[in-house]
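# Breakdown of the fold
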Amino acid sequence: AERSSPCPFPGVPPSPGWLPALQLVRRGSKAVTRHWKAMHFQRQKLMAVTEYLAPRPAVPPRCLPPKEETPEEDNGYARLLRRQLQEVFRDNRVVAVCQFNSMPDEDVVLLRHYLRKHNFHVKFVLNEIARPVLSQSKYKNLLPLFVGRNILLVSPERKVKEMLRVLKGVPQVNLLGACIDDTILSRQGVENFAKLPPLEVSQGQTVGALALLPSQTSSLLQCGPQHLTALLDQHIRRLQTGETGSSAQPQNSGSH
């Protein structure tokens, strides 16, 4: 028998001895024969009767002594973070606590850049790290501020006015309070502190006010003796002029 060659022309029907290389066979879908069926009533009763019930304890749990809670092992990384937070409060004069809302990474980079111009640095602190540190320090009154997601703005200089100017353009960061020179201030207190004049001007005003009172007291104390001295000088001058006048009068009468 001759071998059938493939059909060279697609438009021409194949010869009886030629078979295509790819054949499509359509198969029927398989019928679903298993459907959900409710359990028989007798079997339901059997399952309920044979259900396992755990035995009750001889002593109620509330009458047993409480279990001793084993303290969790302290993590070395957590100790490192707590030590760094203690150094932040010790080495900086301004520590501002701010509420941090979600914002793009580009805005966070710009915020860091503008604050770094005024020698402010941004510190992200977890509440699990900040609470144990603050509860054992003199800054425990700051604990109510650490509720949500917070950041710290720290600086060794007291440039509070510049910090408020930068935060005014970032609504995602809200100032909650601050610790300035170991003094805890609210938001309103920080704003009032920013309105104060520089330290040198305040010191000059204080020195001038303190020097004014002693000078006034000294002038009041010297006023009486000076007035008394002037009166005595004037009295002596009058006595001298009266003696010279009485001595000259008899000489004039004897010549006549």
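Residues numbered from 1 in each chain as written. Predicted model: local features only at pLDDT ≥ 70, side-chain atom pairs only at ≥ 80, totals over all residues. Heavy atoms only, no water.

The chain goes by Large ribosomal subunit protein uL10m in an unreviewed UniProt entry, where it is assigned to Brachypteracias leptosomus. Taken verbatim from the UniProt record of the chain, the Subcellular location (unreviewed entry) comment is "Mitochondrion". According to its UniProt record, the chain has this under Sequence similarities (unreviewed entry): "Belongs to the universal ribosomal protein uL10 family." (UniProt positions renumbered as here; feature names shortened; annotations may be inferred.)

Going through the model one piece at a time under the given rule, you end up with 6 salt bridges. With a shortest N-O distance of 3.0 Å, Arg-93 and Asp-181 are connected by a salt bridge. Of this pair, Arg-93 sits in the loop between α2 (76–91) and β1 (94–100) while Asp-181 sits in the loop between β4 (173–180) and β5 (183–186), placing them 88 residues apart in sequence. Put simply, Arg-187 and Glu-191 hold a salt bridge, and the shortest N to O gap is 3.5 Å. Within this pair, Arg-187 and its partner Glu-191 are both found in helix α6 (residues 187–194), separated by 4 residues, close to a single helical turn. Arg-187 gets classed as partly exposed once you look at its relative accessible area, which sits at 42%. For Glu-191, a relative accessible area of 26% translates into the label partly exposed. One salt-bridge network, held together by shared partners, links Arg-93, Arg-158 and Asp-181. (Salt bridge = Lys/Arg side-chain N within 4 Å of Asp/Glu carboxyl O. Helix = DSSP H or I, 4+ residues; strand = E, 2+ residues; numbered from the N terminus. Buried < 20%, exposed > 50% of the residue type's maximum accessible area, 1.4 Å probe, protein only.)

Given a rise of 1.5 Å per residue, 16 residues ought to cover 22 Å, and the 23 Å separating the end C-alpha atoms of α2 matches this to within 8%. Turning to α2, its buried residues are Ala-78, Leu-85, Val-88 and Phe-89. Along α2, the residues classed as buried sweep out an arc of 90° about the axis, all on the same side. Structurally, α2 contributes buried residues whose contacts are with β1, β2 (121–124), α4 (127–135) and β3 (150–155). (Expected span 1.5 Å × (residues − 1). Arc of directions from axis to C-beta. Contact = heavy atoms within 4.5 Å.)

This part is about the side chain of Asn-150. Note on placement: Asn-150 falls in strand β3. Owing to a relative accessible area of 4%, Asn-150 belongs among the buried residues under this scheme. Within polar-contact distance, the side chain of Asn-150 engages the backbone oxygen of Leu-145 at 3.0 Å. In contact with Asn-150, not counting residues within four places along its chain, are Val-97, Cys-98, Gln-99, Phe-100, Val-125, Asn-127, Leu-145 and Leu-176. (Polar contact = N/O pair within 3.5 Å; in protein donor to acceptor, adjacent residues only side chain to side chain.)

Time to look at the pairing of β1. β1 sits mainly inside the fold: 6 of its 7 residues count as buried. Here 6 bridges tie β1 to β3, and the two strands are oriented antiparallel to one another. Looking across to β3, one finds that Gln-99 is bridged to Asn-150. Where β1 meets β4, 7 bridges bridge the pair, whose relative direction is antiparallel. Along β4, the bridge assignment pairs Val-94 with Ile-180. (Pairing = 2+ DSSP bridges.)

Attention now moves to the layout of surface pockets. Roughly 410 Å³ of internal volume is contained in the largest pocket. Partitioning the lining of the largest pocket into residue classes produces 7 nonpolar, 1 polar and 7 charged. (1 Å grid on protein atoms, 1.4 Å probe; cavity = no way out; pocket = protein on both sides within 12 Å on 5 of 7 lines; lining within 4 Å. Points joined across faces, edges and corners; volume = space filled by probe spheres on them. Nonpolar A, V, L, I, M, F, W, Y, C, P; charged D, E, K, R; others polar.)

Another aspect to go through is the pairing of β4. Of all the 8 residues making up β4, 6 are buried; the element is thus mostly covered by neighbouring parts of the structure. With 4 bridges connecting them, β4 and β5 associate as antiparallel partners. Bridge assignment links Ala-178 to a residue of β5, and that residue is Leu-185.

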